[in-house]
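Here is what each chain is made of, one letter per residue.
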Amino acid sequence: MRVHWTENSIEHLVKIYEYIALNSPTYAKRMVDKITRRSEQIAEHPLSGRKVPEYDAEDIRELIEKPYRIIYRIKSDQIDVVAVIHTARLLPNEI
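Residues numbered from 1 in each chain as written. Predicted model: local features only at pLDDT ≥ 70, side-chain atom pairs only at ≥ 80, totals over all residues. Heavy atoms only, no water.

Caption draft 1: The packing of helix α1 (residues 7–21) against helix α2 (residues 25–44), seen in detail. The contact between α1 and α2 brings their axes to 7 Å, and the two run at 150°. Viewed along their axes, α1 and α2 adopt a mutual orientation that is roughly antiparallel. The element α1 and its partner α2 pack so that their crossing is right-handed. Every residue of α2 that contacts α1 at Leu13, Ile16, Tyr17, Ile20 and Ala21 is listed here: Pro25, Tyr27, Ala28, Lys29, Met31, Val32, Ile35 and Thr36. (Axes fitted to C-alpha atoms, helices over the stretch in contact; angles between N-to-C directions. Helix = DSSP H or I, 4+ residues; strand = E, 2+ residues; numbered from the N terminus. Parallel < 35°, antiparallel > 145°, perpendicular 65-115°, else oblique. Left-handed = near helix turned anticlockwise from the far one by under 90°. Contact = heavy atoms within 4.5 Å.)

So this is what it looks like as structure tokens:
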């Protein structure tokens, strides 16, 4: 199944990169690469991520790529990565 990165999730990746790059551009690139590579898993196995406890919806799931949560929504024709959130942060009420 096709994985689509939403504008919101791309913005999260950019902010992650910019923050880490303040200390290490090399590590920032590695971290963003790890996150995007991890999303390849959901293309092959959409249900491999756990349900997001805060939302308790079957179609909203997450993978962990420490220290980040890759949150995605399963649709009939594609998977939308909707957010990439640091594990220490609270999720918004709605995605």
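So, next bit.
Caption draft 2: Representation of the sheet that holds strand β3 (residues 60–65) in the model. As summarised here, the arrangement of the five strands in space is β1-β5-β4-β3-β2, forming an open sheet in which the pairing is mixed. Since the sheet does not close on itself, it has two edges, and those belong to β1 (3–5) and β2 (50–51), each with one partner. Note: strand β4 (residues 68–74) against strand β5 (residues 79–86), seven bridges, orientation antiparallel. If you follow isoleucine 70 over to β5, its bridge partner there is valine 84. Seen against the sheet, α1 touches β1, β4 and β5 and runs at an angle of roughly 30° to β5. The sheet contacts of α2 involve β1, β3, β4 and β5, and relative to β3 the element is tilted by about 135°. (Pairing = 2+ DSSP bridges.)

Caption draft 3: Representation of the pairing of β3 in the model. Taking burial as the measure, the six residues of β3 include five buried ones, the bulk of the element. The sheet contact formed by β2 and β3 spans two bridges and is antiparallel. The partner of arginine 50 across the bridge, within β3, is glutamate 62. In the sheet, β3 pairs with β4 via six bridges, with the strands oriented antiparallel. (Buried < 20%, exposed > 50% of the residue type's maximum accessible area, 1.4 Å probe, protein only.)

Caption draft 4: Looking closely at the pattern of salt bridges. Counting across every chain of the model gives twelve salt bridges. With a closest N to O distance of 2.9 Å, arginine 69 and glutamate 54 form a salt bridge. Note that arginine 69 is positioned in strand β4 and glutamate 54 in the loop between β2 and β3, a separation of 15 residues in sequence. Arginine 69 sits in the buried class, given a relative accessible area of 7%. Looking at glutamate 54, the relative accessible area reads 45%, which means it is partly exposed. A salt bridge links arginine 73 to aspartate 59, with the shortest nitrogen-to-oxygen separation between them at 3.5 Å. Pair noted here: arginine 73 is in strand β4 and aspartate 59 is in the loop between β2 and β3, with a separation of 14 residues, a long-range link. The structure contains a network of salt bridges with shared partners spanning Arg50, Glu54, Glu62 and Arg69. (Salt bridge = Lys/Arg side-chain N within 4 Å of Asp/Glu carboxyl O.)

Spatial relationships are all this shows, so hold off on functional conclusions.
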